[in-house]
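Spelled out, the chains give:
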Amino acid sequence: MESDSTSNYEAIVHKKIKEMGEKGISQQELAKSVGLPIREISSIIKRLVEKKLIIKKAVKENGKNIVKLFAVDSNYNINIYINLNGLDEIPCLSCKSLTKCGNGIHVSPQTCSKLSGWILEKALS
């Protein structure tokens, strides 16, 4: 069970990381800016990473790799749309040899004249 002070510290640390935006902030800078010991910051960061509220990234600054902390945008959504029109036209789905077809076998996608013809037809149309 988290104590109120722990969750308050988490909120403060998360807010500070969010404020830094795309620039990010190192763990040492974060400890100085919020006035908490590095050990306490480490445990808070671990919890925030587990909750997927922040991420750690290695960034090159002045020729050195520095691990910086970045807030995760919780409003980030990815929508992937797949057009399935024509899926039923693929010759493999109605092929009698489908269960015997595979790479390195006599019947294979590389040697199938029906599949090659269909691909060429689709490419030229």
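Residues numbered from 1 in each chain as written. Predicted model: local features only at pLDDT ≥ 70, side-chain atom pairs only at ≥ 80, totals over all residues. Heavy atoms only, no water.

In the annotation of an unreviewed UniProt entry, the entry for the protein chain reads B-block binding subunit of TFIIIC domain-containing protein, and the organism field reads Saccharolobus shibatae.

1. A short note on helix α3 (residues 38–50)
What counts is decided by this rule: Under the DSSP-based scheme used, a helix requires at least four consecutive residues in state H or I and a strand at least two consecutive residues in state E, with every element numbered from the N terminus. For a helix, the expected span equals 1.5 Å multiplied by the residue count minus one. Only protein chains enter the area calculation, which uses a 1.4 Å probe; residues under 20% of their type maximum are buried, those over 50% are exposed, and those in between are partly exposed. In this context, the arc is that of the directions from the helix axis out to the C-beta atoms.
In this model α3 runs 18 Å from its N-terminal to its C-terminal C-alpha over 13 residues, within 8% of the 18 Å that 1.5 Å per residue would give. Among the residues making up α3, those that are buried are I41, I44, I45 and L48. Axial view of α3: buried residues confined to an arc of 105°, hence all on one face. Exposed residues on α3 whose side chains face more than 90 degrees from its buried face are R39, K46 and E50. Positioned one or two residues after α3, K52 has a phi angle of 60°, which is positive.

2. Regarding a nonpolar patch on the surface
We count it as follows: Nonpolar side chains (Val, Leu, Ile, Met, Phe, Trp, Tyr) within 5 Å and like charges within 9 Å form the patches, drawn only from residues with over 30% relative accessible area and no salt bridge. Per-residue and other accessible areas were derived by the Shrake-Rupley procedure at a 1.4 Å probe size, with only the shown protein chains allowed to occlude residues. A carboxyl oxygen of Asp or Glu within 4 Å of a side-chain nitrogen of Lys or Arg is what we treat as a salt bridge.
There is a patch of nonpolar side chains on the surface, built from I80, I82, L84, L87 and L93 and spanning about 580 Å² of accessible area. Relative to the elements of secondary structure, L84 occurs in the loop between β3 (64–71) and α4 (113–124).

3. Re the pattern of salt bridges
One pass over the full model with this rule turns up four salt bridges. For E10, the salt bridge identified is with K51, shortest N-O distance 2.8 Å. Of this pair, E10 sits in helix α1 (residues 4–20) while K51 is found in the loop between α3 and β2 (54–61), placing the two residues 41 residues apart along the sequence. Here K51 falls in the partly exposed class, since its relative accessible area comes to 42%. Each of the salt bridges in this network shares a partner with another, and the network as a whole consists of E10, R47 and K51.

4. Digging into the UniProt feature "domain: B-block binding subunit of TFIIIC" (unreviewed entry) in the protein chain
Short version of the rule: UniProt positions are given in the numbering used here, feature names are shortened, and annotations may be inferred rather than shown by experiment.
As annotated in UniProt, the feature "domain: B-block binding subunit of TFIIIC" (unreviewed entry) corresponds to residues 21–67 in the numbering used here. Each end of residues 21–67 is marked by a C-alpha atom, and these two atoms are 15 Å apart; helix forms 45% of the span and strand 30%.

5. Regarding helix α2 (residues 27–34)
Taken as a whole, α2 has its buried residues at Q27, L30 and A31. Here the buried residues of α2 occupy an arc of 100° about the axis, which is enough to place them on one side. Of the exposed residues in α2, the ones pointing more than 90 degrees away from its buried face are Q28 and K32. The positive-phi residue at the C-terminal boundary of α2 is G35, with phi of around 75°.

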